[in-house]
Protein chains: 2
Amino acid sequence: MESKGNMLSVFSLGGLNEIGKNMYAIEYGNDIVLIDCGNKFPDESLLGIDLIIPDFSYLIENQLRVRALIVTHGHEDHIGGVPFFLKKINVPVYATRFTLGLIELKLKEHRILRESERIEVHSESVVSIGEMDISFFKVNHSIPDCLGVVFNTPEGTIVHTGDFKFDLTPANNERPDIHKMAEIGSKGVLLLLSESTNAERPGYTPSEQTVGKNIEQIFMRAKRKVIVSTFASNVSRIHQVFNAAMKTNRKLALLGRSMVNVVGVAMEHGYLTVPEGMLINARDINDMPPEKVTILCTGSQGETMAALSRLSTGNFRDVEILSEDMVILAAGPIPGNERNITSIIDNLYKLGAHVIYGSGSSSGMHVSGHGYQEDLRLMLTLMKPKYFVPIHGEYRMLYHHRMLAESVGVEDGHTFILKNGEVLDIEHSIAKSTRTIPNGNTYVDGVDVGNMEFVLRDRKKISEEGMLMIIIPMNKQEEKLLAEPEFISRGFVDQNFSELRKEMKQRTMDIINELHEANRYSWNVMKKQIKREIAQFVKEQTRKEPMIVPILMDI
Amino acid sequence: MESKGNMLSVFSLGGLNEIGKNMYAIEYGNDIVLIDCGNKFPDESLLGIDLIIPDFSYLIENQLRVRALIVTHGHEDHIGGVPFFLKKINVPVYATRFTLGLIELKLKEHRILRESERIEVHSESVVSIGEMDISFFKVNHSIPDCLGVVFNTPEGTIVHTGDFKFDLTPANNERPDIHKMAEIGSKGVLLLLSESTNAERPGYTPSEQTVGKNIEQIFMRAKRKVIVSTFASNVSRIHQVFNAAMKTNRKLALLGRSMVNVVGVAMEHGYLTVPEGMLINARDINDMPPEKVTILCTGSQGETMAALSRLSTGNFRDVEILSEDMVILAAGPIPGNERNITSIIDNLYKLGAHVIYGSGSSSGMHVSGHGYQEDLRLMLTLMKPKYFVPIHGEYRMLYHHRMLAESVGVEDGHTFILKNGEVLDIEHSIAKSTRTIPNGNTYVDGVDVGNMEFVLRDRKKISEEGMLMIIIPMNKQEEKLLAEPEFISRGFVDQNFSELRKEMKQRTMDIINELHEANRYSWNVMKKQIKREIAQFVKEQTRKEPMIVPILMDI
């Protein structure tokens, strides 16, 4: 079938100029296919927000054309938005078995498992949607069963790498499909979308197997309990911990909800084989000789409510870390989490434990799942794309990735550093970016989903300076003050509050009287003036600027 | 003079198990001498707090015995608390000329310069206080004119290192007093207090001169403006930037208040010599060819209001960063600041600038001012102390410092890892720690100084969940509701707020009526019950938990 006049368009709703909430779209003619739907965790400025997900409004507007969601792998920044998305647009979800297992946990939690459609694919599957044939290739990352995705369209071939590195000796023996990638490249790639997380780091990512060997050596040296904390989704690393425990005749207990959940999914689907009797319950740990025990737990990012943090402060039921226990932090710190992690390390030392930690790969207990510069160059070399869009990274990562692309032959001007929402249109093999679709952050707070800018603004203001309420009881019709205004504060205090209150009371009553006499009475005018004058007065007296909230009690 | 029965005591009011607010005390008989009085910057959990300083209450109680404050160097974590301290206890401050210059800036700001007593010392000074003779030795750090302090007491010698590294080729030619340190060690040191910041890092700290050479090379390559951001107090580094600018025929502009202030102090006291005509004003930059301009600015830690951040977003009056400008971040990130710094780097790239950055020394643009493990071992070896107290560090740093001490011969059990407020008493050459004095964090918020735990608790709660006020207008004596309760929220919102409000109104009135009929009317009972029931109802309906504040308007 020949296609005329159909445009091929590519855009992102999340993942560009940020780490997190990845969501990319390929649009050809009447069909939109989505890749990934992740979330992002809020930083401290987003007070009380639980999650950030992409803005789906363009997709909702065009929902009749949305045909499928393909998920490359099961990390939160690729699947965390899926339930919220499916509640809006219920299309089939294509992913590998392990990825689907993790997505299904989420759909169950949101009670939409039954009405959703999930289709299992693997690296040899081919899915045809409209005029696109979609195929896959295996990549290595830090979670099992990861895919790159190939879109064969009448306009040309688009490749999306997913998250990847080239690990030629992976711990799970699932090697990357280098031959298949080479073949795709030989046939010609119009556009490559490749992830950029480690585009600033020179060299190759070390193999996951190096971590296994180092972990084993620590197990050999350990005289009492060994506690390992890592990402629950890093099944290869967990597998290596299981192996080290077996070799040193230790049983293993899992602590933390996500550790139990993910290991459950991995065992159920055959990604992790655990010998009979190997796993023990947390409450049985105390009955065993400490040199026979391994604990595998969540909390490697310093999360306050996770297992490792609670263990480090002696707040985990039934389990204690004691002197001479060995604690391994087998995960690198995600930027922003450093302080929480080091405070846990301090607490572990105070308990008398030995602690093996270190930033990044310096401790030998962690390697990144994202390819370094040479991995990225290898992908670019295999794919030989005409056009290149670096994805999955903050601006400086995309920028360095462009330089890498140019160093291996992508033509100047053929790399597009896009923003979320910026569309790359390709027609007659010419790519250009001239338009933008709606995009942004959608906040999730409890069950509410939406734009909560004004709520956040209030929270921020109050969190920094506190709040001062002025309650004014009056009869609106008679314009009559029924009692003296009342002042109530929260998160704001001053040494001389009682004097301050007296003066504020007087000033508020004066304003009301003046307005009344000038016949300019209106609640809006009154509110504004009280707000302004009291704020100024408080600032002069205390150097503080609480939020001032005048409240009319109409009686 | 022989002393009998006088005890020698050492304790910290800040700096142990933390980075910041350093304050140490040596107490002998009736005399207390203090070393440093720093501040610490609050983390995100301390909403709206400006500064943290030590709790001075033990010193205030014993203020007649407090004789002097010695300041080792001019960094904020050693001088930031000085004005607050002197306002409570006005004792003489001993420090070198440069350190005094920085302290004086603070005293002026707090308007207590005139009534304070400042005594300039140098490395050859001797100060006698009671039965203690106090002398000094030069150390290298990342600010000029740093001292270690030696207390000769009848009980023995105590050495406090200040912050230090051994830089044998310092940029300012002020070499460390190694001979003097050796001599002190030879005579016998009873107790060493040594800083621990880099006790986890193997090897020696590289010399400051290595940075100078690297900066010079970047200047040679630069084709347009060069913008260097570093700590204002790092006069050696600033000196090297001046040198590189001179060698490449560039003028230099200073941006940022602390850069202008500190360079002013350094020039005034002869720590920095600047050729006539070298310094230019910010507003003259645009009149000069870009290849003739260097900008030295604050903001290397990503501070939102500092010069570099404003430059990176195009918000600095009169100065712009343009394509092909070269920006050097000549400072390592202090843990916790990484995210702000990388977002500035992203913005600089977006402006088209070249950016030289990198964590720690990887970029060659920064070396630490704190000695690594071999520096620390050298100090321990020179001093050969009988007892050792690692100071200035979080627990894991103190822990590693103890291991270093033991590796060079300090006896097992002779190292004391203390907490702030824990006192080490030494009598007849036997050291033991059995008592604790009052200690803790004092918060500074505007002009208020004190313990603000309950204010912070309120701010935190509101910042995460918002706040819901219930205003109940009633006549207390007649127990009569005068109008319907009013509901006002800030930082809390719900899709179905109007329905929620209707139901809450009804429930609140029901509670009041029931209590009235049961003759159990009291505002306290009513408040509690309304709070409980409305909180529960809101949580059920919205999954959110705003702070509920019932307010009685007695009319």
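What counts and what doesn't
Residues numbered from 1 in each chain as written. Chains lettered and ligands numbered in written order. Predicted model: local features only at pLDDT ≥ 70, side-chain atom pairs only at ≥ 80, totals over all residues. Heavy atoms only, no water. Helix = DSSP H or I, 4+ residues; strand = E, 2+ residues; numbered from the N terminus. Buried < 20%, exposed > 50% of the residue type's maximum accessible area, 1.4 Å probe, protein only. Contact = heavy atoms within 4.5 Å. Lys, Arg positive; Asp, Glu negative; His and termini not counted. Charge placed at Lys NZ, Arg CZ, Asp CG, Glu CD. Pairing = 2+ DSSP bridges. Axes fitted to C-alpha atoms, helices over the stretch in contact; angles between N-to-C directions. UniProt positions renumbered as here; feature names shortened; annotations may be inferred. Parallel < 35°, antiparallel > 145°, perpendicular 65-115°, else oblique. Nonpolar A, V, L, I, M, F, W, Y, C, P; charged D, E, K, R; others polar.

The next point concerns the overall build of chain A. Looking only at helices and strands, chain A features 15 helices and 27 strands. In chain A, buried positions account for 58% of the 555 residues. Partitioning the contacts of chain A with sequence separation of at least 6, the portion at a separation of at least 24 is 71%. Charge-centre separation for chain A: the mean point of 62 positive side chains lies 3 Å from the mean point of 72 negative side chains.

All names here are of chain A. An order of β15-β14-β16-β13-β17-β18 is seen for the six strands of this open sheet, with the pairing classed as parallel. Looking along the sheet, the strands with just one partner apiece sit at the ends: β15 (279–280) and β18 (354–356). In this sheet, strand β17 (residues 326–329) lies alongside strand β13 (residues 226–229) in parallel orientation, the contact comprising four bridges. Paired with Val-226 across the two strands is Met-326, which belongs to β17. Packed onto the sheet, helix α7 (residues 235–247) meets β13, β14 (251–255), β15 and β16 (293–297) and runs at close to 170° relative to β16.

So, on to the UniProt feature "binding site: substrate" (unreviewed entry) in chain A. Residues and elements named next belong to chain A. Using the residue numbers shown here, the UniProt feature "binding site: substrate" (unreviewed entry) corresponds to His-366, Val-367, Ser-368, Gly-369 and His-370. Along the chain, Val-367 turns up in the loop between β18 and α11 (373–383). Note that Gly-369 resides in the loop between β18 and α11. In this view, Gly-369 contacts Asn-140, His-141, Ser-142, Phe-164 and Lys-165; residues no more than four positions away in its chain are not counted.

Time to look at the packing of helix α5 (residues 178–187) of chain A against α11 of chain A. All names here are of chain A. Packing of α5 against α11 leaves a shortest axis separation of 7 Å and a crossing angle of 50°. Judged on the interaxial angle alone, α11 and α5 are oblique. The segment α5 lies against α11, with Ile-178, Met-181, Ala-182, Ile-184 and Gly-185 engaging Met-379, Leu-382 and Met-383. For the contact of α5 with α11, the class distribution of residues is seven nonpolar, one polar and no charged.

So, on to the pairing of strand β2 (residues 23–28) of chain B. All names here are of chain B. Among the six residues of β2, six are classified as buried, and the element is accordingly described as predominantly covered. In β2, alternate side chains face the same way, and those of Met-23, Ala-25 and Glu-27 on one face and Tyr-24, Ile-26 and Tyr-28 on the other are all buried. Two strands pair when backbone bridges link them, and strand β1 (residues 8–14) and β2 are joined in this way by six bridges, in the antiparallel orientation. Considered in β2, the bridge of Phe-11 is made with Ala-25. Bridging between β2 and strand β3 (residues 31–35) involves five bridges; their strand directions are antiparallel.

All names here are of chain A. A positive phi is found at Lys-21, a non-glycine position, where the angle reads about 45°. Tracing the chain through its elements places Lys-21 in the loop between β1 (8–14) and β2 (23–28). Phi angles above zero are rare outside glycine, and Arg-111 is one such case at about 55°. Tracing the backbone through its elements, the reader meets Arg-111 in the loop between α4 (97–109) and β7 (118–120). Among the residues examined, Arg-111 registers a relative accessible area of 73% and is labelled exposed.

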